[in-house]
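# Notes for the structure review
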Amino acid sequence: MCGIIGYVGEREMAPLLINGLKKLEYRGYDSYGFCIKDGDRFHVLKKKGRISEDESPLKKIQGNFGIAHTRWATHGKPTEINSHPHFDCKKEISIVHNGIIENAEQLRKMLEKEKHVFVSETDSEVIAHLIEKFYVNSLEMAVKKAISLLDGSFALAIICKNEDCILAVKRGSPLVLGVGKNENFIASDVVPIIEYTKKIIYLKDEEIAKITKEGIEIKNSKGKIIDKKIAEIKWNIKQAEKGKFKHFMIKEIFEQPEVIKNVLRGRIKDNKIKLTLDINFKKINRIILTACGTSWHSCLIAKTLIEKYAQIPVEVDYASEFRYRNPLVSKNDLLIAVSQSGETADTLAAIREGKKKGAKTLGIINVVGSTISREVDSGIYLYSGPETGVASTKAFTSQIMALFLFALYARQEKKCKIDPRLINEIKKLPEKIEESLGEVKKIKSIAKKFVDSSNFLYFGRGINYPVALEGALKLKEISYIHAEGYPAAEMKHGPIALIDGNMPSVFIATHSKTFSKLISNIEEVKARGGKIISIVNKEDKIARKCSDFAINVPRTIEDLSAIVNVIPLQLLSYFIADMRGLDVDKPRNLAKSVTVE
Ligand code: G6P
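Quick caveat: nothing in here was measured; it's all calculated off a predicted structure. (Residues numbered from 1 in each chain as written. Predicted model: local features only at pLDDT ≥ 70, side-chain atom pairs only at ≥ 80, totals over all residues. Heavy atoms only, no water.)

## Description of the pattern of salt bridges
When the charged atoms of two side chains with opposite charge come close together, those side chains can pair. Enumeration according to the criterion identifies 34 salt bridges in this entry. The salt bridge involving Glu-25 is made with Lys-586; its shortest N-O contact spans 3.1 Å. Placement of Glu-25 in the loop between α1 (13-24) and β2 (31-38) and of Lys-586 in the segment after α19 (561-579) is noted, with a sequence separation of 561 residues between them. Salt-bridge contacts for Arg-171 lead to Glu-206; the nearest nitrogen and oxygen are separated by 2.5 Å. Residue Arg-171 is found in strand β8 (residues 166-171), and its partner Glu-206 is found in the loop between β11 (199-202) and β12 (208-211); the two are separated by 35 residues along the sequence. Taken together, the shared-partner salt bridges in this structure form one network comprising Glu-140, Lys-210, Glu-217 and Lys-219. (Salt bridge = Lys/Arg side-chain N within 4 Å of Asp/Glu carboxyl O. Helix = DSSP H or I, 4+ residues; strand = E, 2+ residues; numbered from the N terminus.)

What follows is the structure, given as structure tokens:
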């Protein structure tokens, strides 16, 4: 993971880099560092921890040419020494790196034999020493030779004392260039530079960019100068800020009515689903959905929807497993990658594996222009705006919505009718989410009662089983409370042994075809003294009666209920984590965008 930013231009350097790194902290925040070039001097600052914790020494640094990094530790502990930038022996070359160098150990041994002295435990430091080894009088040539020896993934920004440029190069990890007037930028993604420029160039693997104040020169792997398309970013900085909210997560939870409108906008007309997908459904025998984390939960929900509406068999696979198990894939398979960031390393590798084996590919992606969105054959963007809280919320609900539209589109392409009542119900979703959000006070008071719990169980059935998984994931990732999600009927095969007076169980108990079965499960927990929190429909009397706490959500059709039912679970975990005094947006050990394996 890790975040990189680089700048050359006329602005004051330190505030720009500080600001940029703060916006990149969702990629990792174990330590940070800067190298600012001031004439032929390097000003360097490296610190353990988050940038917001101590930034005053940075403000004193002068210069208008530099690189900076926020780290998510892979090789070596999060210490000052291991933080980036890293240097060569003579401290004339400075690099920041995002990715993992898999042959770092061999390269380090080779370089040590050549008298290179290493100071950190990181894989990244070998890159600086390799560049030093090959440097004669051209940084570009040295970088080309150095990266030819690297195995693994990298996005690099490199400066050297003898040259007035920043070099940027990547393989597997993301890197964008921002085009300004008398200034230019490098960053891991657009978020830290969007307030300065909306003109973006997406660097491809093996391309090398030389960035100066005056311009950006990009060469392909053969050394030929190429003209790259400049993309215009549509969203603005306000969308990437917290506004009146205490945390990004709560802001993003409350954005969900709007986000659902965005994903639907222009895509339903006269009972028809309008998507531009290059897919011949007559030739698709099977769909494979692949993703990680929360996005994987969206895939589980989509399986039910696609099989029901499109009548195409669906398999769901963790991207990290799919990519390595030599899966059977044919040209009649459609591989769908679901990813908020569009950068998750395993999901990207899964798409590449599927493509190699002849599958058609489709991306359900939020970040416009991200690597996966550029590699798939067709895609559906979520248009949810930037999601900054590490715990995914609005991306989850918009992914489900986009996948629902996809299922209906496939149905339509197969010449089957779409029930207009379904379309009507979809259109009502934003106001139903709004209603779910209306329970905020009650949810806060329930959170207060359970803030000291050590464990939680979540139960749901059918389409709401993945919602139980998602509720448990939300709670554990931000509150550090152990939580498990189960299909409610599985309770009697193990989890019921855990039930006692200290174990809260959250049931998603809204209207469904298995409602009465789920009520029996609630009764079974109650009979064993467990505490029950239920998500119930407003008009429900049955589930409410057997629960200790009931949270109301409006009724919708079962197939759409996941979108409405997950809202109180997001709020419950948010309030519990906040009441425990934790850093909700940046939980320990996690990162928003996982660009390493
Ligand atoms: C990380 C994030 C999760 C996210 C997962 C997949 O673990 O913390 O919130 O669900 O990556 O990310 P993606 O961007 O591919 O959806």
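## Points about the nonpolar core
Ile-287, Leu-289, Ile-336, Met-401, Phe-406, Phe-456 and Tyr-458 are the most contacted members of the largest nonpolar core, which has 90 residues in total. Residue contacts for Tyr-458: discarding those within four places in its chain leaves Ala-468, Gly-471, Ala-472, Leu-475, Ala-483, Glu-484, Gly-485, Tyr-486, Val-506, Leu-569 and Leu-572. Core analysis: the second largest hydrophobic core is formed by 29 residues, Tyr-7, Leu-17, Tyr-32 and Ile-193 among them. (Core = buried A, V, L, I, M, F, W, Y, C linked by side-chain atoms within 4.5 Å. Buried < 20%, exposed > 50% of the residue type's maximum accessible area, 1.4 Å probe, protein only. Contact = heavy atoms within 4.5 Å.)

## With respect to a positive patch on the surface
A contiguous patch of positive charge on the surface is contributed by Lys-269, Lys-272, Lys-274 and Lys-417. By the element assignment, Lys-274 lies in the loop between β17 (272-273) and β18 (286-291). By relative accessible area, which is 43% here, Lys-274 ends up partly exposed. (Patch = residues over 30% accessible without salt bridge, like charges linked within 9 Å, V, L, I, M, F, W, Y side chains within 5 Å. Areas by Shrake-Rupley, 256 points an atom, 1.4 Å probe, with all protein chains shown as cover. Lys, Arg positive; Asp, Glu negative; His and termini not counted. Charge placed at Lys NZ, Arg CZ, Asp CG, Glu CD.)

## Looking at the pairing of strand β26 (residues 531-537)
Among the seven residues that make up β26, six are buried, leaving the element largely enclosed by the rest of the structure. Here strand β25 (residues 504-508) runs beside β26; their pairing, made up of five bridges, is parallel. Within β26, the position partnered with Val-506 by the bridge is Ile-533. Sheet analysis places β26 next to strand β27 (residues 549-553), joined by five bridges and oriented parallel. Within β27, the residue paired with Ile-533 across the bridge is Phe-549. (Pairing = 2+ DSSP bridges.)

## What to know about the site of the ligand
Surrounding the ligand, one finds 13 residues, the nearest of these being Ser-295, Ser-339, Gln-340, Ser-341 and Thr-344. The separation between an oxygen atom of the ligand and a polar main-chain atom of Thr-294 is 3.0 Å. Between an oxygen atom of the ligand and a main-chain N or O atom of Val-390, the distance comes to 3.1 Å. The protein chains hide 90% of the 390 Å² of surface that the ligand would expose on its own. Taken atom by atom, the bulk of the ligand overlaps the second largest pocket. (Near = heavy atom within 4 Å. Polar contact = N/O pair within 3.5 Å; in protein donor to acceptor, adjacent residues only side chain to side chain. 1 Å grid on protein atoms, 1.4 Å probe; cavity = no way out; pocket = protein on both sides within 12 Å on 5 of 7 lines; lining within 4 Å. Sits in = over half its atoms within 2 Å of the grid points.)

## Here we look at empty space enclosed by the protein
Unoccupied space between atoms shows up once a probe the size of one water molecule is rolled over them. Overall, the coordinates contain three cavities of 30 Å³ or more when judged by the stated rule. Lining of the largest cavity is provided by 13 residues; of these, Cys-2, Thr-74, His-84, Gly-99 and Ser-124 occupy positions nearest its centre. Broken down by element, the residue count for the lining of the largest cavity peaks at three residues, all from strand β6 (residues 93-101). Its residues assigned to classes, the lining of the largest cavity comprises three nonpolar, eight polar and two charged. In this structure, the second largest cavity is lined by Arg-461, Asn-464, Ile-508, Thr-510, Ser-512, Thr-514, Phe-515 and Leu-518. For the lining of the second largest cavity, the class distribution of residues is three nonpolar, four polar and one charged. (Points joined across faces, edges and corners; volume = space filled by probe spheres on them. Nonpolar A, V, L, I, M, F, W, Y, C, P; charged D, E, K, R; others polar.)

## Let's talk about the environment of Ile-557
Tracing the chain through its elements places Ile-557 in the loop between β27 and α19. Separated by 333 residues in the primary sequence, Ile-557 and Lys-224 have C-alpha atoms spaced 57 Å apart. What Ile-557 contacts, discounting residues up to four positions off in sequence, is Leu-422 and Glu-425.

## Brief notes about unusual backbone geometry
Peptide bonds are trans in most cases, and residues, glycine excluded, mostly fall at negative phi. Cis peptide bonds are those with omega within 30 degrees of zero, and the linkage from His-84 to Pro-85 qualifies with 5°. Summarising the element assignment, Pro-85 is placed in the loop between β4 (65-71) and β5 (86-87). Of note, the phi angle at Asn-182 is positive, near 55°, even though the residue is not glycine. For Asn-182, a relative accessible area of 44% puts it in the partly exposed group. Here Asn-326, not a glycine, exhibits a phi torsion of approximately 50°, which is positive. Summarising the element assignment, Asn-326 is placed in the loop between α9 (319-322) and β20 (333-339). For Asn-326, a relative accessible area of 59% translates into the label exposed.

## Points about the side chain of Thr-361
Relative to the assigned elements, Thr-361 resides in strand β21 (residues 360-365). Under the relative-accessibility criterion, Thr-361 is labelled buried at 1%. Sequence-distant contacts of Thr-361, that is, excluding residues within four places in its chain, are made with Leu-334, Leu-335, Ile-351, Lys-355, Glu-375, Val-376, Asp-377 and Ser-378.

## Details of the sheet that holds strand β22 (residues 378-381)
Taken in spatial order, the five strands make up an open sheet running β19-β18-β20-β21-β22, and their pairing is parallel. Two strands bound the open sheet, and with one partner strand each, they are β19 (314-318) and β22. This sheet shows a mean twist of 20° between the axes of neighbouring strands, independent of strand direction. Sheet topology note: the β18/β19 ladder contains five bridges and is parallel. The residue bridging Leu-289 from the neighbouring strand is Val-316, located in β19. Lying over the sheet, helix α10 (residues 345-356) contacts β18, β20 and β21, oriented at roughly 170° with respect to β20. (Axes fitted to C-alpha atoms, helices over the stretch in contact; angles between N-to-C directions.)

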